[in-house]
Amino acid sequence: MSDRRRTELLDEQTGRLKKALKRFDILFLIIAAVIGLETLGQVSVFGGEALTWLVILAVTFLIPYALMFAEVGAAFSEEGGAYTWVRNAFGRVAGAIASLLTWVTQPIWVGGSMAFLAAETVNTYLLHLPHGSAADYIFKIAFIWCTVLAAIVSLRRGKWLPTSGAMLKLVLLGFFVLTTVLYAAEHGVEGLGGGDLSPTLAGLFGLAPVLLFAFLGFESSNSAAGEMENPARDVPISIARSSAAAALCYILPVLAILLVVPKDDITGISGLLEAVGVVFSVYGPAADTLRTLAAIGFVYILMSQGAAWMIISDRMQAIAAADGAFFGGFFGRFHPRLGTPVRVNLLSGIVSTLFMLAAMQVTGSSAALFTVVLTISISTFLLSYLIVIPAAIRLRTLYPDAERPFRVPLPDRGYAVLGAVAFAWVLLGSWVAVFPGTLEALFGLPYDFEETWGVSHLQFQALTLGTLAALLVLGVIGYVRGAGVRAGGPGPAEGGATPVITPEGTTS
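Quick caveat, the model's predicted, so the values are computed rather than measured. (Residues numbered from 1 in each chain as written. Predicted model: local features only at pLDDT ≥ 70, side-chain atom pairs only at ≥ 80, totals over all residues. Heavy atoms only, no water.)

## Some thoughts on the overall build of the chain
Piece 1. Check the secondary structure of the chain and you find 21 helices and zero strands.
Piece 2. What you see for the chain is a C-alpha radius of gyration of 22 Å, in line with the 23 Å of a compact globule of 508 residues.
Piece 3. Taking the principal axes of its C-alpha atoms as reference, the chain extends roughly 70 × 50 × 45 Å.
Piece 4. For the chain, restricting intrachain contacts to residue pairs at least 6 apart in sequence, the fraction spanning at least 24 positions comes to 84%.
Piece 5. Total accessible area on the chain stands at roughly 18200 Å², and carbon and sulfur atoms take up 67% of it. (Helix = DSSP H or I, 4+ residues; strand = E, 2+ residues; numbered from the N terminus. Rg over C-alpha atoms; globule rule 2.2 N^0.38 Å. Contact = heavy atoms within 4.5 Å. Areas by Shrake-Rupley, 256 points an atom, 1.4 Å probe, with all protein chains shown as cover.)

Quick look at the structure:
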């Protein structure tokens, strides 16, 4: 059990944390991070059955998953979130793997997907920014480092970029849905028959990774639990509200997109703004101005979403480092004045920039590159939950005496069933994300790889498996290099018995 104990460095660094997050901040931090506009187009390309699978996953995945992590997040509210949960359940090695997979998703996603989507938006709706030009590179680098800067400044200041972006996101989506109603009343809509809504295996395999990516992450704010004023009270409420908001913010806009844009005209990289361009015609001469404002807001929202994830995931990885699970002391330090993990923030910016540069070398259109890199981000994120979900199940039985301000009203076996259902979905999504086309071949479904992805099968697997291999090497080296911190000895929990984690995240 010794590898579940806190190190002296971890105790020292968590002493530098500053309480800066109230319930309002937690809610909008989650909304900023989890509700992703970039997935709306990816989902909508599947047509009417996307709505059916959205509803199915909302019921069979989102509800069980949200209930589980509302309990875990309230009961085990130590800074570091998923890393500390996995460490307390399975030990430091497992925690190191889960943390690395979760953390690296964000710089890959910001540098590879979000920067590409933002640049394509600017090029299409605002300024001429050709793919591969010097201006394109400069814009993407600036986009990445703005998200990093928001994570570096103190949380009291940095939280306002995600918060304002989350508010703007809700306003934009609400205005779009309302405008779609006005457009439908004036011009009619695309037909969506019952056959269009019928779920298919091909749709399931194509949609599962994207929808799971869209619905995961509501517990991520616990990475900053040590900076919350009252996580035991605020986390369950914030998860409940944000998960309900997410279901509506995906289902209604996807329905709106499908009603106004012909299925064959929807692209994964700009599905929402394509629909905006159609429905804003109801505003007559003001349509162009409103469309421009929507594009500017869209880019700002993407930046705020990237900043939210940088703020959250970098804290988790810094806690893992302070606990001797990732290169030890160098990355495990929080700035004494800012209270932020500046060194991990800078590392995220470097990784994000390098991945953007690598992705730019893959041949294909911006839309194809966006889709491929988004899928790589999805794969690393989903793989982390193959560890985090079992950890959440085990914490229920391993620490039965831990106070649980919110408890799922099920016995341990029923709670484990919830976890098993969520795990099964994530397992399916992980396989499809890493090895697309294999399940289609197994079930005899037609599948043209290059037509689907816009790149060759070899390019896709080289980038995907190459990323996972590089992560494996990085994780092994990082853990070995953390031996000195681990040897520094446990903190106050030194004693003999396995420590029990209290709702405040301390040990007894």
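There's more to say after this.
## Notes on the confidence of the model for the chain
Piece 1. Of the residues in the chain, 90% reach a pLDDT of 70 or more, and the chain-wide mean stands at 84.
Piece 2. Here helix H10 (residues 194–197) is the element of the chain with the lowest mean pLDDT, 74, and helix H17 (residues 412–434) is the one with the highest, 95.
Piece 3. Scored below 50 in pLDDT, residues 489–508 makes 51 contacts in the model with residues more than four places away or belonging to other chains. (pLDDT = per-residue confidence, 0-100.)

## Topic: the nonpolar core
Piece 1. The biggest cluster of nonpolar side chains holds 165 residues, and the ones touching the most others in it are Phe61, Tyr65, Phe69 and Leu272.
Piece 2. The contacts of Leu272, once residues within four sequence positions are left out, are Leu37, Leu40, Leu173, Phe176, Ile257 and Phe298. (Core = buried A, V, L, I, M, F, W, Y, C linked by side-chain atoms within 4.5 Å. Buried < 20%, exposed > 50% of the residue type's maximum accessible area, 1.4 Å probe, protein only.)

## Brief notes about the side chain of Ser220
Piece 1. As for its position among the elements, Ser220 is in the loop between helix H11 (201–215) and helix H12 (231–260).
Piece 2. For Ser220, a relative accessible area of 6% puts it in the buried group.
Piece 3. The residues touching Ser220, leaving out its near neighbours within four places in the chain, are Trp309 and Ile312.

## With respect to the pattern of salt bridges
Piece 1. Under the criterion given, the structure shown has 14 salt bridges.
Piece 2. A salt bridge links Arg404 to Glu71, with the nearest nitrogen and oxygen atoms 3.1 Å apart. Of this pair, Arg404 sits in the loop between helix H16 (366–398) and H17 while Glu71 sits in helix H4 (residues 49–75); the two residues are 333 residues apart in sequence, bridging distant segments of the chain. Residue Arg404 shares its accessibility class with Glu71, and that shared class is buried.
Piece 3. Counted as one network, the salt bridges with shared partners bring together Glu71, Arg396, Arg404, Arg407 and Asp412. (Salt bridge = Lys/Arg side-chain N within 4 Å of Asp/Glu carboxyl O.)

## Side note on the packing of H11 against H17
Piece 1. Across the interface, H11 lies against H17 with an axial gap of 8 Å and an inter-helix angle of 110°. Considering the angle they form, H11 stands roughly perpendicular to H17. You can see that H11 and H17 cross each other, and the crossing is left-handed. Of H17, the residues touching H11 (which contributes Leu204, Phe205, Ala208, Pro209 and Leu212) are Trp425, Val426, Leu428, Gly429, Val432 and Ala433.
Piece 2. A breakdown of the residues in the contact of H11 with H17 according to their chemical character gives ten nonpolar, one polar and no charged. (Axes fitted to C-alpha atoms, helices over the stretch in contact; angles between N-to-C directions. Parallel < 35°, antiparallel > 145°, perpendicular 65-115°, else oblique. Left-handed = near helix turned anticlockwise from the far one by under 90°. Nonpolar A, V, L, I, M, F, W, Y, C, P; charged D, E, K, R; others polar.)

## Observations concerning the environment of Gly478
Piece 1. Assignment of secondary structure puts Gly478 in helix H20 (residues 457–481).
Piece 2. In this structure Gly478 touches Ala325, Phe326 and Phe327, once residues within four positions along its chain are discounted.

## Some details on the packing of H4 against H17
Piece 1. Here H4 crosses H17 at 130°, and the two axes come no closer than 9 Å. Between H4 and H17, the crossing angle belongs to the class labelled oblique. Like other packed secondary-structure pairs, H4 and H17 cross with a definite hand, here left-handed. Across from Trp53, Ile56, Leu57, Thr60, Phe61, Pro64, Tyr65, Leu67, Met68, Glu71 and Val72 in H4, the residues of H17 making contact are Tyr415, Leu418, Gly419, Val421, Ala422, Trp425 and Val426.
Piece 2. Residues that form the contact of H4 with H17 fall into these classes: 15 nonpolar, two polar and one charged.

## Some details on H11
Piece 1. With 15 residues, H11 should cover 21 Å at 1.5 Å per step; its first-to-last C-alpha distance of 20 Å lies within 8% of that length.
Piece 2. Of all the bends found along H11, the most pronounced is centred on Leu207 and spans about 45°, while Pro209, a proline, follows it within four residues.
Piece 3. Most of H11 sits out of view: twelve of its 15 residues are buried.
Piece 4. For H11, the full list of buried residues reads Gly203, Leu204, Phe205, Leu207, Ala208, Pro209, Val210, Leu211, Leu212, Phe213, Ala214 and Phe215.
Piece 5. A positive backbone phi angle near 115° is found at Gly217, which sits one or two residues after H11. (Expected span 1.5 Å × (residues − 1). Bend = angle between axes of the 7 residues up to and from the residue.)

## Topic: helix H2 (residues 23–34)
Piece 1. Spanning twelve residues, H2 covers 16 Å between terminal C-alpha atoms, matching the ideal 16 Å at 1.5 Å per step.
Piece 2. The element H2 is extensively covered by neighbouring structure, given that ten of its twelve residues are classed as buried.
Piece 3. Burial in H2 covers these residues: Asp25, Ile26, Leu27, Phe28, Leu29, Ile30, Ile31, Ala32, Ala33 and Val34.
Piece 4. Those residues of H2 that are buried are in contact with helix H9 (160–187), H11, H12 and helix H14 (287–322).

## Section: the environment of Trp145
Piece 1. Within the secondary structure layout, Trp145 lies in helix H7 (residues 134–152).
Piece 2. A relative accessible area of 31% means that Trp145 is categorised as partly exposed.
Piece 3. Remark: the alpha-carbon pair of Trp145 and Val373, spanning 228 residues in sequence, is separated by 19 Å.

## Structural notes on the environment of Lys18
Piece 1. By the secondary structure assignment, Lys18 is in the loop between helix H1 (8–14) and H2.
Piece 2. Residue class for Lys18 comes out partly exposed when judged on its relative accessible area of 35%.
Piece 3. It is 9.4 Å that separates the C-alpha atoms of Lys18 and Glu229, two residues lying 211 residues apart in sequence.

## Some points on the packing of aromatic side chains
Piece 1. Counted under the stated rule, the structure contains 27 aromatic pairs.
Piece 2. Both rings, one in Phe175 and one in Tyr283, keep their centres 5.6 Å apart while their planes meet at 10°; by these two values the pair is stacked. Linking Phe175 in helix H9 with Tyr283 in the loop between helix H13 (271–279) and H14, this pair joins segments that are 108 residues apart in sequence.
Piece 3. A relative accessible area of 31% means that Phe175 is categorised as partly exposed.
Piece 4. One aromatic cluster is present, formed by Phe61, Tyr65, Phe69, Trp85, Trp109, Phe213, Phe218, Trp309, Phe381 and Tyr385 through successive ring pairs.
Piece 5. Cation over ring: Arg396 sits above Tyr415, and NZ or CZ is 4.2 Å from the ring centre. (Phe/Tyr/Trp six-rings, centres within 6.5 Å; stacked < 30°, edge-to-face > 60°. Lys NZ or Arg CZ within 6 Å of the ring centre and 35° of its normal.)

## Notes on a nonpolar patch on the surface
Piece 1. A contiguous nonpolar surface patch, about 480 Å² in accessible area, is contributed by Ile141, Trp145, Leu346, Ile350, Leu354 and Leu357.
Piece 2. Put simply, the parts of the chain that give the nonpolar patch at least two residues each are H7 and helix H15 (342–360).
Piece 3. Of all the elements, H15 adds the most residues to the nonpolar patch, at four residues.
Piece 4. Note on placement: Leu354 falls in helix H15.
Piece 5. For Leu354, a relative accessible area of 53% gives the class exposed. (Patch = residues over 30% accessible without salt bridge, like charges linked within 9 Å, V, L, I, M, F, W, Y side chains within 5 Å.)

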